[in-house]
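# Architecture and fold: a report
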Amino acid sequence: MNGYRIAVIPGDGIGGEVTAPTVDVLRHLADLAGFEIAFDQLDWSCARYQETGAMMPADGLDQIREHDAILLGAVGWPGVPDHVSLWGLLIPIRRRFQQYVNLRPISVMPGLPGPLSAPGEVDFVVVRENVEGEYSEIGGRFASGTPQEMAVQEAVFTRAGVTRVVDYAFDLASTRRGHVTSATKSNGIVHTMPFWDEIVRERAERHPRVEWRQEHIDALAAKLVLQPSSFDVIVGSNLFGDILSDLAAAVAGSIGIAPSANLNPEGEFPSMFEPVHGSAPDIAGKGIANPIGALWSASMMLDHLGEKDSAAALLGAIRTTLAAAEVRTPDLGGTATTTDFAAAVQEAISL
Ligand code: ATP
Ligand code: MG
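Note that the coordinates shown come from a computational prediction; the quantities given were computed from them, not determined experimentally. Counting starts from 1 at the beginning of each chain's written sequence and moves along it residue by residue. Written order decides the labels, with chains lettered from A and ligands numbered from 1. Two thresholds apply to this predicted model, a pLDDT of at least 70 for residue-level local features and 80 or more for giving and counting side-chain atom pairs, whereas whole-chain, interface and lining totals are computed over all residues.

### Description of the overall build of the chain
Looking only at helices and strands, one finds eleven helices and twelve strands in the chain. In this description the radius of gyration comes from C-alpha coordinates, and the expected globular size is given by 2.2 Å times residues to the power 0.38. Rg of the C-alpha trace for the chain: 20 Å, near the compact-globule value of 20 Å for 351 residues, within the 12% margin. Buried means a residue has 20 or more other C-beta atoms within 10 Å of its own C-beta, exposed means 12 or fewer, and partly exposed covers the counts in between; C-beta atoms are placed from the backbone. Here the chain holds 351 residues, and the buried ones make up 44% of them. Two residues form a contact once the distance between their C-beta atoms, set from the backbone, is within 7 Å. Once local pairs closer than 6 in sequence are excluded, the contacts in the chain between residues at least 24 apart make up 76%. Helix and strand assignments come from DSSP, with helices taken as H or I runs of at least 4 residues and strands as E runs of at least 2, each series counted from the N terminus.

### Focus on the nonpolar core
For our purposes the nonpolar core covers buried Ala, Val, Leu, Ile, Met, Phe, Trp, Tyr and Cys residues that link as a set through C-beta atoms within 7 Å. Val127, Ala169, Leu295, Ala298 and Leu314 are the most contacted members of the largest nonpolar core, which totals 94 residues. Counting residues per element, this core draws most heavily on helix α9 (residues 292-305), which supplies eight residues. Summarising the domain contributions, this core has at least three residues from each of domain 1 (1-100 + 257-351) and domain 2 (113-253). Ignoring anything within four residues of it in the chain, the contact list for Leu314 reads Val25, Leu29, Leu295, Ala298, Ser299, Leu302 and Ile349. The source of the domain bounds is an automatic or database domain assignment.

### Thoughts on the domain arrangement of the chain
When its domains are assigned, the chain resolves into domain 1 (1-100 + 257-351) and domain 2 (113-253). Here the C-alpha centre of domain 2 lies 25 Å away from the C-alpha centre of domain 1. Taken together, the contact pairs ten residues of domain 1 with eleven residues of domain 2. Three categories are distinguished: nonpolar for Ala, Val, Leu, Ile, Met, Phe, Trp, Tyr, Cys and Pro, charged for Asp, Glu, Lys and Arg, and polar for the others, with Gly belonging to the last. Here the side of domain 1 that touches domain 2 is built from residues that sort into five nonpolar, three polar and two charged.

### Some points on the sheet that holds strand β11 (residues 259-263)
Read from one edge to the other, the open sheet built from ten strands follows the order β2-β1-β3-β12-β11-β4-β5-β10-β8-β9, with strand pairing classed as mixed. The sheet is open, and its two edges are formed by β2 (36-41) and β9 (211-216), each paired on a single side. In this sheet, adjacent strand axes meet at a mean angle of 20° when their direction is disregarded. Pairing geometry for strand β4 (residues 101-107) and strand β5 (residues 123-129), over seven bridges, is antiparallel. From the neighbouring strand, Asn102 faces β5, where its bridge partner is Arg128. In the packing of helix α6 (residues 192-205) onto the sheet, contacts are made with β8 (179-184) and β9, and the angle to β8 comes to roughly 165°. Each pair of strands is called paired provided DSSP finds at least two bridges between the two strands. Helix axes are fitted to C-alpha atoms over the stretch in contact, other axes to C-alpha atoms as well, and angles between N-to-C directions run from 0 to 180 degrees.

Right under this line is the structure:
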């Protein structure tokens, strides 16, 4: 029997409210499908930071490096600066565990009130480079207090780093509808972006069955809103991928449903799965958070672990429950609680 050990980091605010029922649903699926799954709950969070001065223990990463995957709720809380939760938890996990692919599937779910007029046809994935590029610490402020004051921020793109994420995008496209769109801006950014384009072109030659095109990020952003059904896999740098993923989540209708995966595709280190939304202090403690983002992320986790049937069954149950439109959380116009919705999904699972 396959067995998995999952590190669960509920985090702050609604993070715990959406991960708890997600763990229940995963246990239920394991029973149905016949695999073993064990969870270790970790209190790493802004609440922990406020008590102890650290988001996680000093040896935190060593504690979870042997786990099969990490399930995260949300971290962040008013009064704790974003850079503390980012650099004290999320970025160290992404970097140490070489989670160089950030994957965000976008699909317009049945019957959701999204801003788009063409539901059902929108089904694409944003592949974001997750460890290098524009988000670097290289640079600085110079000549402060003088009229020549300036700030310099270096972007670092490595051949190995670009190649592996672009290859991931092409491989993924070959399992889907066979099309890659590369986000670029080589008409304005004259060193790193032509380098990115050159590597994309080279890797494309190795995937002759996958079609591809490149688009400037500005035009691509517009097209994502106007013709979202024309995309299959979109690959972008750390900054471009970040922007496109949030835009894409909005296109899909609600931030509460968007999932994400931070992948170490080789499986040398654990990958991390988390809903796109934050800790939502405005609704925290009320039990009304939409758990779809967390549940869908759990489906991506099962897929990554190789439990493909269970992954598909969970995603199918989410769709069925939404389509029935009887049980919905308030963000989607309903009156159901987080646990009501998760229970309805659990009931709809058929394997
Ligand atoms: P972060 O900085 O961590 O991204 P944020 O403050 O930008 O956090 P969220 O915490 O995601 O964003 O909250 C944005 C809005 O979306 C809030 O009004 C929140 O209540 C709502 N929201 C977020 N997640 C959910 C959810 N799962 N269900 C319902 N509403 C949600
Ligand atoms: Mg935010």
